[in-house]
Structure formats: structure tokens, C-alpha cells
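The primary structure of each chain is shown beneath.
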Amino acid sequence: MAEVQTNTESGEMTQRFIEFVMMQAQQAMLFLGQIPHPQTGKPEVNLDIAKMFIDQLVMIREKTRGNLNNDESGVLNNAVSSLQMAFVEITRQHGGEKTAPASPEPAPELKPEAAAGQAAAPAQEGPGSAASEESKKKFSKSYGS
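Residues numbered from 1 in each chain as written. Predicted model: local features only at pLDDT ≥ 70, side-chain atom pairs only at ≥ 80, totals over all residues. Heavy atoms only, no water.

Looking at this structure, how should I read the overall build of the chain?
Helix and strand counts for the chain stand at five helices and zero strands. Secondary structure elements of the chain, listed N to C terminal, follow the sequence α-α-α-α-α. Every one of the 145 residues in the chain was classed for burial, and the buried ones make up 23%. Considering only contacts within the chain whose residues lie at least 6 apart along the sequence, 56% involve residues at least 24 apart. Of the roughly 9,800 Å² of accessible surface on the chain, a fraction of 55% belongs to carbon and sulfur atoms. (Helix = DSSP H or I, 4+ residues; strand = E, 2+ residues; numbered from the N terminus. Buried < 20%, exposed > 50% of the residue type's maximum accessible area, 1.4 Å probe, protein only. Contact = heavy atoms within 4.5 Å. Areas by Shrake-Rupley, 256 points an atom, 1.4 Å probe, with all protein chains shown as cover.)

Put into C-alpha cells, the structure is as follows:
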């Protein structure tokens, strides 16, 4: 009988996890303007908040890697993929204001370094430029999937 209880508990936990993922995804869709705002009835776009919800789902995927069953990982992967594609499309429609989500939280730190590296690149050829490229390589290696 212990196996039945374990399977029942496991099934309930799977259902709760899927519901959690779907609620996060729904919030991201709300802020991507794909769902009308409940109070106004009109779609509203807030890319910063949408990115936050998508990045949270990506973090959950990374932190739970190897601990999810096929249903849980399938729902999570599909939600993340769909939201990332929608984010890119909405960003293009709004003039490319944001970078694509799905990189861990330190991603905004790359922007100032990249801008500084681009500004310094024409003035510096050689070791300074190579050091800036090396720091970019380290960043992408540590967060690559």
C-alpha cells in the first residue's frame, strides 16, 4: 500500500508543479500582451516583467534538471520555448528594446562590458582587446547550456 500512496503523492506533486509552471507562463503571457489585462480588458506589454517571469522559469528548469519526470520537464520546456519565441517576436515589434530572455540573471551585467569593449576596441588593438574578448568568453562558458 505504501507504493500506491507514493504514486498518488507523486501524481499530486506533478500536477502542482505543472500548475505552477502554467501560472508563471500565464503571467509572462499577460505581460507580453498575449492575454488581455483582467482590469482593463486590453493587452498590455511590459517586457521587463515578462522577461523576469521567463527567466524564473529558466532558473527553475536549471535547478530541477534531472529531478523532473517526463511530463514535468515537457511542460516546462514547452512553456519556456513558447515564451522565448513570443518574447523575441514582441521585442521585434517594439523596436528591439530588450535582449532575449533565458540567460541567467547576470546577463544585464554583460551589456555595460560589451558597450565598453566596443567603445574601447577601435582605440585599442592587441592585448586590451583580447582581454575584453576573453572576459566575454568566460561569461558565455559559465552560463551556456
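Hey, could you run me through helix H3 (residues 70-93) in this one?
Residues spaced three or four apart along an α-helix face the same direction, because each turn holds 3.6 residues. For H3, with 24 residues, the first-to-last C-alpha span of 34 Å sits near the 34 Å given by 1.5 Å per residue. Considered for burial, the residues of H3 that qualify are Glu 72, Leu 76, Ala 79, Val 80, Leu 83, Ala 86, Phe 87, Ile 90 and Thr 91. Where H3 begins, one side-chain oxygen reaches toward the backbone nitrogen of Asp 71, 3.0 Å away; that side chain belongs to Asn 69. A positive backbone phi angle near 85° is found at Gly 95, which sits one or two residues after H3. (Expected span 1.5 Å × (residues − 1). Polar contact = N/O pair within 3.5 Å; in protein donor to acceptor, adjacent residues only side chain to side chain.)

Looking at this model, I keep getting lost on the packing of helix H2 (residues 47-63) against H3. Mind explaining?
To characterise two packed helices, one gives the angle between the axes of the helices and the distance between these axes. Where H2 meets H3, the closest approach of the two axes is 10 Å, and the angle between their N-to-C directions is 155°. Taken together, the axes of H2 and H3 lie roughly antiparallel to each other. Considering how the two elements wind past one another, H2 and H3 form a crossing that is left-handed. Here Leu 47, Lys 51, Ile 54, Leu 57, Val 58, Ile 60 and Arg 61 of H2 come into contact with H3, specifically with Leu 76, Asn 77, Val 80, Leu 83, Gln 84, Phe 87, Ile 90 and Thr 91. The class makeup of the residues in the contact of H2 with H3 is 10 nonpolar, three polar and two charged. (Axes fitted to C-alpha atoms, helices over the stretch in contact; angles between N-to-C directions. Parallel < 35°, antiparallel > 145°, perpendicular 65-115°, else oblique. Left-handed = near helix turned anticlockwise from the far one by under 90°. Nonpolar A, V, L, I, M, F, W, Y, C, P; charged D, E, K, R; others polar.)

How should the environment of Gln 56 be read in this particular structure?
Structurally, Gln 56 is set in helix H2. Under the relative-accessibility criterion, Gln 56 is labelled partly exposed at 27%. Each C-alpha atom of the pair Gln 56 and Val 80 lies 9.7 Å from the other, and the pair is 24 residues apart in sequence.

Whenever I open this one, the pattern of salt bridges confuses me. Can you help?
Opposite charge on two side chains permits them to pair, given that their charged atoms come into close proximity. Tallying each qualifying case throughout the model produces two salt bridges. One salt bridge in this structure joins Lys 51 and Asp 55, with 2.6 Å as the shortest N-O distance. In this pair, Lys 51 and Asp 55 both sit in helix H2, four residues apart, roughly one turn of the helix. No difference in accessibility class separates Lys 51 from Asp 55, as the two residues are buried. Notably, a salt bridge pairs Arg 65 with Glu 62, separated by 2.5 Å at the nearest N-O pair. (Salt bridge = Lys/Arg side-chain N within 4 Å of Asp/Glu carboxyl O.)

Whenever I open this one, H2 confuses me. Can you help?
With 17 residues, H2 ought to run about 24 Å at 1.5 Å a step, and its terminal C-alpha atoms sit 24 Å apart, in line with that. Of all the positions in H2, only Leu 47, Ala 50, Lys 51, Phe 53, Ile 54, Asp 55, Leu 57, Val 58 and Ile 60 are classed as buried. Looking at where H2 begins, the residue whose side-chain oxygen comes 3.3 Å from the main-chain nitrogen of Asp 48 is Asn 46.

For this particular structure, what's the right way to read the side chain of His 37?
As for its position among the elements, His 37 is in the loop between helix H1 (2-31) and H2. A distance of 3.1 Å separates the side chain of His 37 from the backbone nitrogen of Gln 39, its partner in a polar contact. Among residues more than four places away in sequence, those in contact with His 37 are Leu 30, Lys 42, Pro 43 and Glu 44.

These figures capture arrangement, not role.
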